[in-house]
Amino acid sequence: MNHFFFRFSFILLLSWISTDTLCAGGVDTLIQYGQNALTMHGRVYRSQGQQREGEKMPLDSAIVSVVNEGGKTIWYGFTDSKGRLNIKLPLGKKFTMSFSKKGFVKKFFNVDTHVNQDDKKDFDFTYDIDIFEAVNGLDVSVLNSPVAKVVYKSFDKTFTYDVAYTNKTNAGLQKMYREYYALKKKESNYNAADSAGTKPATINSNGPKKSVPYGQGKKPHQ
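Bear in mind the structure is a predicted one, so any value in this text is a computation, not a measurement.

Just to check I follow, could you spell out the overall build of the protein chain for this structure?
Of the regular secondary structure elements, the protein chain holds 2 helices and 10 strands. Counting helices and strands in the order they occur from the N terminus, the protein chain gives α-β-β-β-β-β-β-β-β-β-β-α. Expressed as a percentage of the 222 residues in the protein chain, the buried residues total 34%. Taking contacts inside the protein chain between residues at least 6 apart in sequence as the whole, the part at least 24 apart equals 67%.

Okay, structure coming up:
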């Protein structure tokens, strides 16, 4: 009887370890007790075009993954109904955080949690990011690079976006979004014409395109 109980308990322990390794299981931290951390307070939105800030739609069940410097996924979780998911990252390391969902185009950004030795404490950083549904014909090669980089600024003793990197990448992101909006409009016109039983007029893709609203300050266009 004791031998059976031992084997049964051992199997349960292996199952728990395997599950914990593959999925976060609701745990929102990668730090051990007593470690200082950077808490990333995030919200993921569904991009639907040129909506105003208050009109953004939270994206539930989006996958948020954390990848270490070796390229290995070490944590992942899912956003709640309001698109929220927080994660505590240990200091003194580099991570990549990615955001995805089936049918959507993945985005990611880098987080460097290195701080000065004398500045070690607990930090917070709040961000939001939007991802959009895949569209045929859209060139998303700009997303092969991080959309942003989060770094520590010794002068302010806080974490912020790398402004130089933001300025460098925003032009490419804006171009992609202009093409995205144009393709979505074309798709919408075809769908409307199909519902009405009429053939849509040819849309000149080289025509004027609307500019994409652009966030002010240090926040990158995500």
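Moving on, there is more to tell.
I tried to follow unusual backbone geometry on my own but got confused; where do I start?
The general pattern is negative phi for most residues beyond glycine and trans for most peptide bonds. Phi at Ser61 takes a positive value of approximately 60°, unusual for a residue other than glycine. Examined against the element boundaries, Ser61 turns out to sit in the loop between strand E2 (57–58) and strand E3 (63–67). The backbone phi angle of Lys157 is positive, close to 55°, even though this residue is not glycine. Here Lys157 falls in the partly exposed class, since its relative accessible area comes to 44%.

When you look at the environment of Gly172 in this model, what are you seeing that I'm missing?
Turning to its location among the elements, Gly172 is positioned in helix H2 (residues 163–196). Residues Gly172 and Val147, 25 residues apart in the sequence, show an inter-C-alpha distance of 9.8 Å.

Can you help me understand the confidence of the model for the protein chain in this one?
Atom-level detail of predicted coordinates should not be read off regions where pLDDT is low. Confidence along the protein chain averages 80 in pLDDT terms, with 71% of residues attaining 70 or more. Confidence drops under a pLDDT of 50 for residues 3–27, and excluding neighbours within four residues, the segment shows 5 contacts in the predicted structure. Confidence drops under pLDDT 50 across residues 202–218; counting only partners more than four residues distant or on other chains, this segment forms 22 contacts.

Help me out: how do you make sense of the packing of aromatic side chains in this one?
The relative placement of two aromatic rings is captured by the distance of their centres and the angle of their planes. Counted according to the given criterion, the structure contains 13 aromatic pairs. Plain terms: the ring middles of Phe123 and Tyr152 are 5.5 Å apart, the flat faces sit at 70° to each other, and that makes the pair edge-to-face. Taken together, the residues span a long stretch of sequence, with Phe123 in strand E8 (residues 123–131) and Tyr152 in strand E9 (residues 149–153) at a distance of 29 residues. What makes Phe123 buried here is its relative accessible area of 5%. Between the aromatic rings of Phe125 and Tyr161, the centroid separation amounts to 5.3 Å while the plane-to-plane angle is 80°, which identifies the pairing as edge-to-face. Of this pair, Phe125 sits in strand E8 while Tyr161 is found in strand E10 (residues 158–161), placing the two residues 36 residues apart along the sequence. Phe125 sits in the buried class, given a relative accessible area of 6%. Among the residues examined, Tyr161 registers a relative accessible area of 8% and is labelled buried. Taken together, the ring pairs in this structure connect Phe132, Tyr177, Tyr180 and Tyr181 into an aromatic cluster. Its guanidinium or amino end placed over the ring of Tyr45, Lys56 lies 5.5 Å from that ring's centre, counting from NZ or CZ.

Before we go on, may I ask you to explain the side chain of Ser65 in this structure?
Looking at the secondary structure, you find Ser65 in strand E3. Setting aside chain neighbours within four positions, we find Ser65 in contact with Thr73, Trp75, Tyr76, Thr96, Met97 and Ser98.

Whenever I open this one, the environment of Thr158 confuses me. Can you help?
Residue position: Thr158 is located in strand E10. Here Thr158 falls in the partly exposed class, since its relative accessible area comes to 30%. For the pair Thr158 and Val115, spaced 43 residues apart in sequence, the C-alpha to C-alpha distance is 9.1 Å. Ignoring anything within four residues of it in the chain, the contact list for Thr158 reads Val151, Tyr152 and Lys153.

Please clarify how the pattern of salt bridges should be interpreted in this entry.
Between side chains of opposite charge, a pair can form as their charged atoms come close. One pass over the structure, following the stated rule, counts 7 salt bridges. Put simply, Asp128 and Lys56 hold a salt bridge, and the shortest N to O gap is 3.7 Å. Here Asp128, found in strand E8, pairs with Lys56, found in the loop between strand E1 (37–46) and E2; they are 72 residues apart in sequence, far enough to count as distant. Under the relative-accessibility criterion, Lys56 is labelled partly exposed at 21%. Residue Asp119 is joined to Lys157 by a salt bridge in which the shortest nitrogen-to-oxygen separation is 2.8 Å. Of this pair, Asp119 sits in the loop between strand E7 (107–112) and E8 while Lys157 sits in the loop between E9 and E10; the two residues are 38 residues apart in sequence, bridging distant segments of the chain. Exposure remark for Asp119: the relative accessible area of 9% places this residue in the buried category.

Conventions adopted
Residues numbered from 1 in each chain as written. Predicted model: local features only at pLDDT ≥ 70, side-chain atom pairs only at ≥ 80, totals over all residues. Heavy atoms only, no water. Helix = DSSP H or I, 4+ residues; strand = E, 2+ residues; numbered from the N terminus. Buried < 20%, exposed > 50% of the residue type's maximum accessible area, 1.4 Å probe, protein only. Contact = heavy atoms within 4.5 Å. pLDDT = per-residue confidence, 0-100. Phe/Tyr/Trp six-rings, centres within 6.5 Å; stacked < 30°, edge-to-face > 60°. Lys NZ or Arg CZ within 6 Å of the ring centre and 35° of its normal. Salt bridge = Lys/Arg side-chain N within 4 Å of Asp/Glu carboxyl O.

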